[in-house]
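Structural description and commentary
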Amino acid sequence: MTGVQTCALPISPADAFIVQKLKSEGAIILGKTNLDEFTLGVSGRNIRFGQTLNPFDAKRTPGGSSAGSAVATAAGLCAAAIGSDASGSVRLPASACGIVGYKPSLGVISRNGLTPFVPTKDTVGVMARSVLDIAELTQIISGHDPGDTLTAQAPKWRFPDFSKKTLKGVKIGVLTSYFKEADPAVVEVVKRSKESLRKLGADLVELSVFDDREMQLAGNRINGWEFRENIFRAVKKIRPEIKESDLLKEMDPVVSLFFRKYSEISFDAYQGALKHTREKVTTMCKEYFSLVDILLYPSSPLLPFSVETSMDAARKGIEFLRDFYGKFRRNSELSGITGFPAISVPGGISDSGLPVGIEFMAAPFQDPRLLEVAHLYQTSVHLKFRPAMLALE
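In this numbering scheme, every chain counts its residues from 1 along its sequence in written order. It should be noted that, the model being predicted, local features are given only for residues of pLDDT at least 70 and side-chain atom pairs only at 80 or more, the latter also being counted only at that level, while totals for whole chains, interfaces and linings use all residues. Think of the side-chain values as coming from all heavy atoms in the structure, minus any hydrogens and water.

**So, the side chain of T61**
Short version of the rule: Helical segments are the DSSP runs of H or I of at least four residues, strand segments are the runs of E of at least two, and each set is numbered from the N terminus. Relative accessibility decides the category of a residue: with a 1.4 Å probe and only protein chains considered, values under 20% of the type maximum give buried, values over 50% give exposed, and everything between is partly exposed. Every residue pair with non-hydrogen atoms within 4.5 Å of one another is taken to be in contact.
Relative to the assigned elements, T61 resides in the loop between β2 (50–51) and α2 (67–74). Assessed through its relative accessible area of 0%, T61 is described here as buried. Dropping the residues within four chain positions of it, T61 is found in contact with S43, Q51, T52, N54, P304, F305, S306, V307 and S310.

Shown next, in the form of structure tokens:
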């Protein structure tokens with residue numbers, strides 16, 4: 001279960017709905033990959049299974065939580081991979097590893113078989129080296145599933161029209177506040193990406209964004225309350241005899257710190273975040289999409305951070321984890337809290353040789369248009385970089 005050795009089953013009793021669909025189309029399921037325990041983290045570090053390494057620089061982390069899936073895809077070990085995404089767990093590692101990471105609108109892909117620790121936000125996401133591969137895979141695994149009521153609310157998946165050669169007439173809103181406090185290398189890559197989009201005919205519009213601190217706090221409260229409520233219940237299904245105190249002792253120290261912090265979130269604070277702030281941010285985004293077709297911002301304001309920082313995170317305490325991890329995944333929360341679709345696409349390489357992703361976001365169920373823009377961008381800029389597979393001493 002989600003990177004937790006103490007909850008492991010020798011063989012899963014049943015295939016997830018999307019795995020059934022993949023197998024029915026002849027897909028070869030290679031296996032499972034490493035990730036942050038309980039999906040709670042952005043480093044790819046797992047105390048039992050080790051630190052996942054960035055394929056571009058073995059001294060750097062690959063992002064998380066779906067770290068192993070991103071690394072395997074970037075390294076060419078598989079054609080594509082599946083992860084889950086509530087606040088960036090697919091898009092962040094995709095950005096850090098130089099591949100494409102897609103978080104669909106809620107309901108497009110069934111969660112039947114997934115353990116959603118944050119049910120109001122969690123969705124299955126897809127990682128691949130190209131947007132075309134993302135679309136092909138989504139074509140197979142999307143659709144109605146009686147085991148997930150959210151899929152009944154989603155329109156039938158329409159395969160994107162990839163024949164378009166220009167973005168003429170497409171308005172792209174650039175979220176200027178998401179460049180604040182960003183690494184200069186990230187800003188430079190996104191600057192070049194904006195020029196590429198203009199050359200493709202897109203009309204770029206700068207949008208003055210609200211102070212997102214309230215949104216970040218709300219996202220943390222939703223994640224925290226739902227995680228705390230669902231994690232123990234999920235573990236009990238596998239280990240009925242376990243006590244919460246024993247589970248805390250078995251947790252990764254980083255996860256344990258977060259879990260204890262989450263216990264301080266009141267139900268009223270959670271409800272305020274879910275019903276007030278979330279609705280406020282969703283309304284704001286709908287207003288944006290009355291002005292533009294697509295939103296653009298850096299997938300993360302930071303470059304992939306060092307393995308040393310990851311290994312030392314628990315010792316530095318909860319305040320460091322909250323602030324540093326929060327900053328790394330800051331930009332991905334907008335799609336997470338609204339449930340709107342988003343996709344991280346390689347934007348370029350920093351001078352230090354690390355990938356930088358740019359993220360496109362669309363209105364609910366405008367996934368085909370989102371993928372069309374992302375595909376045209378990716379195929380036009382010709383960023384065909386592959387990681388140097390470093391020999392580890």
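Still more to cover.
**Digging into the sheet that holds strand β4 (residues 100–103)**
Selection criterion: In short, DSSP must find at least two bridges between two strands for them to pair. Convention adopted: a line fitted to C-alpha atoms gives each axis, helices being fitted over their contacting stretch, and angles between N-to-C directions are expressed from 0 to 180 degrees.
The strand order β3-β5-β4-β9-β10-β8-β6-β7 describes an open sheet built from eight strands, whose pairing is mixed. Only two strands of the sheet have a single partner each, and these edge strands are β3 (80–85) and β7 (203–207). Within the sheet, the average angular offset between the axes of one strand and its neighbour, ignoring direction, is 30°. Where strand β9 (residues 342–349) meets strand β10 (residues 355–361), seven bridges bridge the pair, whose relative direction is antiparallel. Looking at the pairing, I343 lines up with F360 of β10.

**What to know about the packing of aromatic side chains**
To describe a pair of aromatic rings, you give the distance between the ring centres and the angle between the ring planes. We apply this condition: Working definition: rings of Phe, Tyr and Trp (its six-membered ring) pair if their centres are within 6.5 Å, and the pair is stacked with planes under 30 degrees apart, edge-to-face with planes over 60 apart, and tilted otherwise. Whether a charge sits over a ring comes down to the Lys NZ or Arg CZ being within 6 Å of the ring centre and within 35 degrees of the ring normal.
With the rule as written, the count across this model stands at 18 aromatic pairs. Seen from their ring centres, F38 and F117 are 5.7 Å apart, and the 70° between their planes marks the pair as edge-to-face. One end of the pair, F38, is in the loop between α1 (17–24) and β1 (45–46); the other, F117, is in the loop between β4 and β5 (123–128), with 79 residues separating them in the sequence. F38 sits in the buried class, given a relative accessible area of 0%. Here F117 falls in the buried class, since its relative accessible area comes to 2%. Their ring planes at 45° and their centres at 6.1 Å tell us that F289 and F340 sit as a pair that is tilted. Of this pair, F289 sits in the loop between α9 (267–288) and β8 (294–298) while F340 sits in the loop between α13 (333–338) and β9, and the two are 51 residues apart along the sequence. Residues F289 and F340 agree in their burial class; the two are buried. Members of the aromatic cluster, each reached through a chain of ring pairs, are F38, F117, F227, F258, F259, Y262, F305, F324, Y325 and F328. Sitting over the ring of F179, K194 keeps its end group 5.7 Å from the ring centre.

Any functional reading would require information that these geometric values do not contain.
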